[in-house]
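Letter by letter, the chains look like this.
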6 protein chains.
Amino acid sequence: MMTSWLPSLITETPEAGYELAVKLSRLAVKLTQPDAEMREQLRPDYAEDADSLIAVSQVVATHFATVAAANNYWRG
Amino acid sequence: MMTSWLPSLITETPEAGYELAVKLSRLAVKLTQPDAEMREQLRPDYAEDADSLIAVSQVVATHFATVAAANNYWRG
Amino acid sequence: MMTSWLPSLITETPEAGYELAVKLSRLAVKLTQPDAEMREQLRPDYAEDADSLIAVSQVVATHFATVAAANNYWRG
Amino acid sequence: MMTSWLPSLITETPEAGYELAVKLSRLAVKLTQPDAEMREQLRPDYAEDADSLIAVSQVVATHFATVAAANNYWRG
Amino acid sequence: MMTSWLPSLITETPEAGYELAVKLSRLAVKLTQPDAEMREQLRPDYAEDADSLIAVSQVVATHFATVAAANNYWRG
Amino acid sequence: MMTSWLPSLITETPEAGYELAVKLSRLAVKLTQPDAEMREQLRPDYAEDADSLIAVSQVVATHFATVAAANNYWRG
């Protein structure tokens, strides 16, 4: 039995929340392009391109907003 | 009688919510380009292009924000 | 007397809400390019282009967030 | 004395709210490019380009979200 | 001692809120490209390009959403 | 032991909140392209390009929305 790849949006710290946002950003890419080898080939196309890196950062920002709201902004 | 393709935004788990966000992202493409064969032809244009995959991920992030809010972030 | 093209954001179902989001996305295009013939000419430019279809999907996602919030996510 | 170009975000109807969102989208362009003649020259660049029209629609969607929230979604 | 360049998100009117959103949009550019002369050189690249102006308008829309929420939409 | 790079979303002032938003924007780039030398090489690609600077500003705007909400808009 597979374990869930997204058991919860709740994290202990903002830092862990940010890492979850990064993971959520990557998930959509995997679901759209399931071939791991192809994804590996594409890596230099975005990891060495300023505009692509900014676009990745935009996706992370959108997911981080969701994760932060889920955690009530870790106001404690 | 057709069944609804979007009966509810409520899902049992965050993972199912993410999958719904992916489905919501694809729906707009289908409604704008109803020809399934044409969509199939376009598939390599985005599935093998880093920037397109990032853009898909951005759409999923926007829908996931909505689905997560609908589910009160699955806070349980 | 013209009837309103946007009498309400409230819909009975999520599906009808999604269709309203699609309609809201197209409205801005009509208001910016009122010439129907020109819009028809532009149609292949986006309906047969993967990146344009993804961009359309992004606009729909943004409007769907608004419509879903208006309907309190059809929580029932 | 100049009258305000944005006295309120409150509108009577969703339709008027959408029109306000279109106005808000255009305002930023005017403030960034105050030369009306230049703006007129640029008009065909976006009004006859599918991707530009979609981008305009995205800006309107973002402002409409704000106006709709301001009006409590015209729930009545 | 320097005065703060962002003492508050609260403004008296929607119009002043919009102007603050424009200012917030420009701040990130200044922090990323601190060289004022370089920024001046880049000005025609966006002020005379329709797609760049639309992109500026998108950033302003995002900040305006924040400022409007901060001011409880100036509901009065 | 490493200290956290994101201990909290709470800041004393809007200005400090904006600076945190800039930091959050850059974090995703670092996590996607961990090679500092490569990032340095890419710097002119975005710092001297108007559209890239606008895109950076968009990411900052998205994070600032989150930080501002976390701080209840510093309403005091």
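Residues numbered from 1 in each chain as written. Chains lettered and ligands numbered in written order. Predicted model: local features only at pLDDT ≥ 70, side-chain atom pairs only at ≥ 80, totals over all residues. Heavy atoms only, no water.

- You'll find chain A entered in an unreviewed UniProt entry as Peroxidase, with Pararhodobacter oceanensis given as the organism.

**Regarding the overall build of chain A**
Now for step 1: Counting its regular elements, chain A contains three helices and zero strands.
Now for step 2: Counted from the first residue to the last, chain A has its helices and strands arranged as α-α-α.
Now for step 3: For chain A, the spread of C-alpha atoms along the three principal axes comes to 40 × 40 × 15 Å.
Now for step 4: If you take every contact in chain A between residues at least 6 apart in sequence, the share linking residues at least 24 apart comes to 57%.
Now for step 5: Of the accessible surface of chain A, which amounts to about 3700 Å², a share of 53% is contributed by carbon and sulfur atoms. (Helix = DSSP H or I, 4+ residues; strand = E, 2+ residues; numbered from the N terminus. Contact = heavy atoms within 4.5 Å. Areas by Shrake-Rupley, 256 points an atom, 1.4 Å probe, with all protein chains shown as cover.)

**Considerations on the interface of chain B and chain A**
How big an interface is tends to be reported as the loss of accessible area on association of its parts.
Now for step 1: Each partner contributes to the interface: chain B provides 27 residues, whereas chain A provides 31 residues.
Now for step 2: The three residues of chain B that bury the most area against chain A are B:E15, B:Y18 and B:I54, which together make up 25% of that side's buried surface.
Now for step 3: Taken together, the links from chain B to chain A amount to zero salt bridges.
Now for step 4: At the junction of chain B with chain A, the criterion picks out 12 residue pairs in polar contact (both at pLDDT 80 or more).
Now for step 5: In terms of residue count, helix α3 (residues 50-70) of chain B provides more of the side of chain B that touches chain A than any other element does, 13 residues in total. (Buried area = accessible area lost by both parts, 1.4 Å probe. Salt bridge = Lys/Arg side-chain N within 4 Å of Asp/Glu carboxyl O. Polar contact = N/O pair within 3.5 Å; in protein donor to acceptor, adjacent residues only side chain to side chain.)

**Some thoughts on the relation of the copies chain B and chain A**
Now for step 1: Once chain B is rotated about the relating axis by 60° and shifted along it by 0.0 Å, it coincides with chain A to within an RMSD of 0.0 Å. Put plainly, the chains are arranged around a six-fold axis. Of every C-alpha in chain B, the one belonging to B:T62 sits nearest the axis of rotation, 6.8 Å from it.
Now for step 2: Counting the interface residues of chain B, we find that no more than 15% of their copies in chain A are interface residues as well, pointing to two distinct contact surfaces. (Least-squares fit on C-alpha atoms with pLDDT ≥ 70 in both.)

**Concerning helix α3 (residues 50-70) of chain F**
Residue and element names in this part refer to chain F.
Now for step 1: The end-to-end C-alpha distance of α3 is 30 Å, a good match for the 30 Å that 21 residues give at a rise of 1.5 Å each.
Now for step 2: Most of α3 is tucked away, with 18 of its 21 residues classed as buried.
Now for step 3: The distance from a side-chain oxygen at the start of α3 to the backbone nitrogen of D51 is 3.1 Å, and the residue carrying that oxygen is D49.
Now for step 4: Looking one or two residues past α3, N72 carries a phi angle of roughly 50°, positive in sign. (Expected span 1.5 Å × (residues − 1). Buried < 20%, exposed > 50% of the residue type's maximum accessible area, 1.4 Å probe, protein only.)

**Considering the packing of aromatic side chains**
Now for step 1: In this structure the tally under the stated criterion is 18 aromatic pairs over all chains.
Now for step 2: By the ring-pair criterion, three or more aromatic residues cluster together here, those being A:W5, B:Y18, B:F64 and B:W74. (Phe/Tyr/Trp six-rings, centres within 6.5 Å; stacked < 30°, edge-to-face > 60°.)

**Observations concerning the relation of the copies chain D and chain C**
Now for step 1: Superposing chain D onto chain C requires a rotation of 60° together with a translation of 0.0 Å along the rotation axis, leaving an RMSD of 0.0 Å.
Now for step 2: An overlap of only 15% is found between the interface residues of chain D and their copies at the interface of chain C, pointing to separate contact surfaces.

**Regarding the packing of helix α2 (residues 36-47) of chain E against α3(F)**
Now for step 1: Contact pair α2(E) / α3(F): the axes reach a minimum separation of 9 Å and the direction vectors enclose 85°. Relative to α3(F), α2(E) is oriented roughly perpendicular. Two secondary-structure elements touch here, α2(E) through E:L42, E:D45 and E:Y46 and α3(F) through F:A50, F:L53 and F:I54.
Now for step 2: Of the residues in the contact of α2(E) with α3(F), the class split is five nonpolar, no polar and one charged. (Axes fitted to C-alpha atoms, helices over the stretch in contact; angles between N-to-C directions. Parallel < 35°, antiparallel > 145°, perpendicular 65-115°, else oblique. Nonpolar A, V, L, I, M, F, W, Y, C, P; charged D, E, K, R; others polar.)

**Digging into the interface of chain D and chain C**
Now for step 1: At the interface, 27 residues of chain D touch 31 residues of chain C.
Now for step 2: When chain D packs against chain C, close to 2400 Å² is buried across both sides, 67% of that on carbon and sulfur atoms.
Now for step 3: Among the residues chain D hides against chain C, the three largest losses belong to D:E15, D:Y18 and D:I54. Together they make up 24% of the total.
Now for step 4: The interface formed by chain D and chain C includes zero salt bridges.
Now for step 5: Scanning the region where chain D abuts chain C turns up 12 residue pairs in polar contact (both at pLDDT 80 or more).

**A closer look at the side chain of F:T62**
Now for step 1: Here F:T62 shows up in helix α3.
Now for step 2: Exposure remark for F:T62: the relative accessible area of 13% places this residue in the buried category.
Now for step 3: Setting aside chain neighbours within four positions, we find F:T62 in contact with A:Q58, A:A61, A:T62 and E:T62.

**Topic: the side chain of F:T11**
Residues and elements named next belong to chain F.
Now for step 1: Examined against the element boundaries, T11 turns out to sit in the segment before α1 (14-32).
Now for step 2: Looking at T11, its side chain comes within polar contact range of the main-chain oxygen of T13, at 2.9 Å.
Now for step 3: In terms of polar contacts, T11 uses its side chain to reach the backbone amide nitrogen of G17, at 3.4 Å.
Now for step 4: Not counting residues up to four positions away in its chain, the partners in contact with T11 are A16, G17, L20, N71 and W74.

**Quick look at the arrangement of the chains**
Now for step 1: Structurally, chain A and chain C remain out of contact, their C-alpha atoms never closer than 12 Å.
Now for step 2: Nothing in chain B touches chain D; the tightest C-alpha to C-alpha distance between them is still 12 Å.

**Considering helix α2 (residues 36-47) of chain F**
Now for step 1: With 12 residues, α2(F) ought to run about 16 Å at 1.5 Å a step, and its terminal C-alpha atoms sit 16 Å apart, in line with that.
Now for step 2: For α2(F), the full list of buried residues reads F:M38, F:L42 and F:A47. Buried residues of α2(F) fall within an arc of 150° about the axis and therefore sit on the same side. Of the exposed residues in α2(F), those oriented more than 90 degrees away from the buried face are F:E37, F:E40 and F:Q41.
Now for step 3: For α2(F), the elements touching its buried residues are α2 (36-47) and α3 (50-70) of chain A, α1 (14-32) and α2 of chain E together with α3 of chain F. (Arc of directions from axis to C-beta.)

**Quick look at the confidence of the model for chain A**
Now for step 1: Across chain A, the average pLDDT comes to 94, with 97% of residues at or above 70.
Now for step 2: α2(A) is the least confidently modelled element of chain A, averaging 95 in pLDDT, while α3(A) averages 98, the highest of any element. (pLDDT = per-residue confidence, 0-100.)

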